[in-house]
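Here are the chains, one letter per residue:
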Amino acid sequence: MSHSAPVQPPDLARAVRARNAVATVFALNGLAVASWMGRIPEVRDLLGLTPSEIGRVLLALALGSIVALPTSGLVVGKIGAARTVAGGSVLVAVGLVLAGLGSDTLSAVTLVALGLVFVGYGSGSWDVAMNVEGAAVERLLGRTIMPRFHAAFSFGTVAGASLGAGASAAEIPVVVHLGAVSIVAVLVTVMATRSFLPRTIEVDDDGEPVQHISVLTAWREPRTLVIGLMVMCAALIEGIANDWLALGLVDGYEVSNAVGTMGFAVFLAAMTVGRTAGTQLVDRFGRLPVLRTSAVLAVAGVLLVVFGGSLPVALIGTVVWGFGAALGFPLGMSAASDDPRRAAARVSVVASIGYTAFLAGPPILGYVGDHEGVLHALLAVAVAATVMGLVSPAAREQKPAEAGVS
């Protein structure tokens, strides 16, 4: 991407504070969403749902995100990234509490679905805003750091899934667990957004104020749309694991809900390691080779999970799958941010396309799970990874002069 000149004090200190704040809200977003995902097997049991029925419930989360994402670029432009992130965290907290109440207090599927709509809308707007802020910080610091922000998100998901496994093993009610997470997520996120960059210091490479393009213009750019397709495949590779890996391990290998959730945590840990090391790999080999390798790893990992025949082999597969899932999404966001003038609009478009994976994934996987079993339904990951590898050339690094050309 095109970077600005290195910043000097006091702007450097402000940029570092903003970097730390962005990493914090990435981590909290991951913590909040994974806290729900870590309890999915237990929620299914509490409500007595079939795979297709839990798939329809999970669809509510995707619907909330799909409503939020196309408008998030406009919202960020109107009220700024900080307020968008803070508002999103409040909506996520409300949604988690409602989902918890519907799961083990009121046994109301409709209330769980309503809560997930709130979670989806809040996390979707929060997601776009934190990526836009991350791109601004990246430009101000003058070096690539986006994969590290997504690594922070992964750290949050590992913590959330681990807490979920521990809460499940300790038989802590879902509503108590999710309620506590909600309080932490809101308080810390609102505090962190106070250190975001002032909107007035987002500058282009020549030091002039950024002239943002409209989201509608970005929707007409072929390269942006193909990057969106690539990110959608990356979201499927990651999202199928989020929603279905724990269930697949429980049903396919006849282990407890807690063990299934820990298998999901292993996947998230591997993805976190991949994102942490990703910056060096991309700097050395470039985006395209890394993306193609990621696709191969995702295919190999899911094959081991589905056909491994034993839990240890399946867990090895989750590690390989996690490595394969690590970099597709953040590198897609970096590719969308190559031109700072178009970053906000393009990130909004790419995220909107990418998150359709969460709309299509739950019902499709639920239907296949009813007929073939949840474990075999995971093979959809291999299809998504293959497509990601084929379209990944669109994300190749562009020279500064090319960054505004599609």
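For the structure, check the block above.
Residues numbered from 1 in each chain as written. Predicted model: local features only at pLDDT ≥ 70, side-chain atom pairs only at ≥ 80, totals over all residues. Heavy atoms only, no water.

Here helix H9 (residues 222-253) crosses helix H17 (residues 380-391) at 155°, and the two axes come no closer than 9 Å. By the criterion of interaxial angle, the relationship of H9 to H17 is roughly antiparallel. Handedness of the crossing formed by H9 with H17: left-handed. Across the interface between the two elements, Val 226, Leu 229, Met 230, Cys 233, Ala 234, Leu 236, Ile 237 and Ile 240 of H9 pack against Ala 380, Val 381, Ala 384, Ala 385, Val 387, Met 388 and Val 391 of H17. (Axes fitted to C-alpha atoms, helices over the stretch in contact; angles between N-to-C directions. Helix = DSSP H or I, 4+ residues; strand = E, 2+ residues; numbered from the N terminus. Parallel < 35°, antiparallel > 145°, perpendicular 65-115°, else oblique. Left-handed = near helix turned anticlockwise from the far one by under 90°. Contact = heavy atoms within 4.5 Å.)

To continue, consider the packing of helix H4 (residues 81-104) against helix H7 (residues 174-193). Two elements in contact, H4 and H7, have axes separated by 8 Å at closest approach and are oriented at 175°. By the angle between their directions, the pair H4 and H7 is classed as roughly antiparallel. Side by side, H4 and H7 meet where Ala 82, Val 85, Ala 86, Ser 89, Val 90, Ala 93, Leu 96, Val 97, Gly 100, Leu 101, Ser 103 and Asp 104 of the first sit next to Val 174, Val 175, Leu 178, Gly 179, Val 181, Ser 182, Ala 185, Val 186, Thr 189, Val 190 and Thr 193 of the second. Split by residue class, the contact of H4 with H7 holds 15 nonpolar, seven polar and one charged. (Nonpolar A, V, L, I, M, F, W, Y, C, P; charged D, E, K, R; others polar.)

Attention now goes to the layout of surface pockets. By volume, the second largest pocket is sized at about 160 Å³. As for the second largest pocket, its lining consists of Gly 274, Ala 277, Leu 281, Pro 289, Val 290, Thr 293, Ser 294, Leu 297, Phe 323, Ala 326 and Leu 327. Looking at the lining of the second largest pocket, the elements with two or more residues in it are helix H10 (257-285) and helix H11 (287-307). By residue number, the principal contributor to the lining of the second largest pocket is H11, which donates five residues. (1 Å grid on protein atoms, 1.4 Å probe; cavity = no way out; pocket = protein on both sides within 12 Å on 5 of 7 lines; lining within 4 Å. Points joined across faces, edges and corners; volume = space filled by probe spheres on them.)

Right, let's talk about a nonpolar patch on the surface for a bit. A surface patch of nonpolar side chains, about 340 Å² in accessible area, is lined by Ile 183, Val 184, Leu 187 and Val 188. On the secondary structure map, Val 184 appears in helix H7. Residue classification places Val 184 among the partly exposed positions, given a relative accessible area of 42%. (Patch = residues over 30% accessible without salt bridge, like charges linked within 9 Å, V, L, I, M, F, W, Y side chains within 5 Å. Areas by Shrake-Rupley, 256 points an atom, 1.4 Å probe, with all protein chains shown as cover. Salt bridge = Lys/Arg side-chain N within 4 Å of Asp/Glu carboxyl O. Buried < 20%, exposed > 50% of the residue type's maximum accessible area, 1.4 Å probe, protein only.)

Within the fold, Thr 157 resides in helix H6 (residues 146-169). Here Thr 157 falls in the buried class, since its relative accessible area comes to 6%. Discounting residues that sit within four places of it in the chain, Thr 157 has contacts with Gly 30, Leu 31, Ala 34 and Leu 268.

With 32 residues, H9 should reach 46 Å at 1.5 Å per residue; the first-to-last C-alpha distance of 44 Å fits that figure. A maximum bend of about 55° is found in H9 at Trp 244. Burial within H9 is extensive, with 24 of its 32 residues counted as buried. Looking at the residues trailing H9, positive phi occurs at Glu 254, about 55°. (Expected span 1.5 Å × (residues − 1). Bend = angle between axes of the 7 residues up to and from the residue.)

Here the focus is the nonpolar core. Side chains of nonpolar character tend, in soluble globular proteins, to be buried together. Residues Trp 36, Ile 237, Trp 244, Phe 267, Trp 321 and Leu 378 are the most contacted members of the largest nonpolar core, which totals 113 residues. Ranked by residue count, the leading element in this core is H9, at 16 residues. Residues in contact with Trp 36, not counting those within four places in the same chain, are Val 43, Leu 58, Leu 96, Ala 99, Ser 103, Val 112, Leu 116 and Leu 178. Core analysis: the second largest hydrophobic core is formed by five residues, Ala 218, Ala 345, Val 349 and Ile 353 among them. (Core = buried A, V, L, I, M, F, W, Y, C linked by side-chain atoms within 4.5 Å.)

Turning our attention to the pattern of salt bridges. A complete count under the given rule lists five salt bridges for this structure. Across the pair Arg 39 and Glu 42 runs a salt bridge whose closest N-O atoms are separated by 2.8 Å. Judged by its relative accessible area of 1%, Arg 39 falls in the buried class. Classification of Glu 42 as buried rests on a relative accessible area of 17%. Across the pair Arg 346 and Glu 221 runs a salt bridge whose closest N-O atoms are separated by 2.7 Å. Taken together, the positions of Arg 346 in helix H14 (residues 343-354) and Glu 221 in the loop between helix H8 (215-218) and H9 put the pair 125 residues apart, joining distant regions of the chain. Judged by relative accessible area, which is 5%, Glu 221 ranks as buried. Three or more residues are tied together by salt bridges with common partners; here these are Arg 44, Asp 45 and Asp 251.

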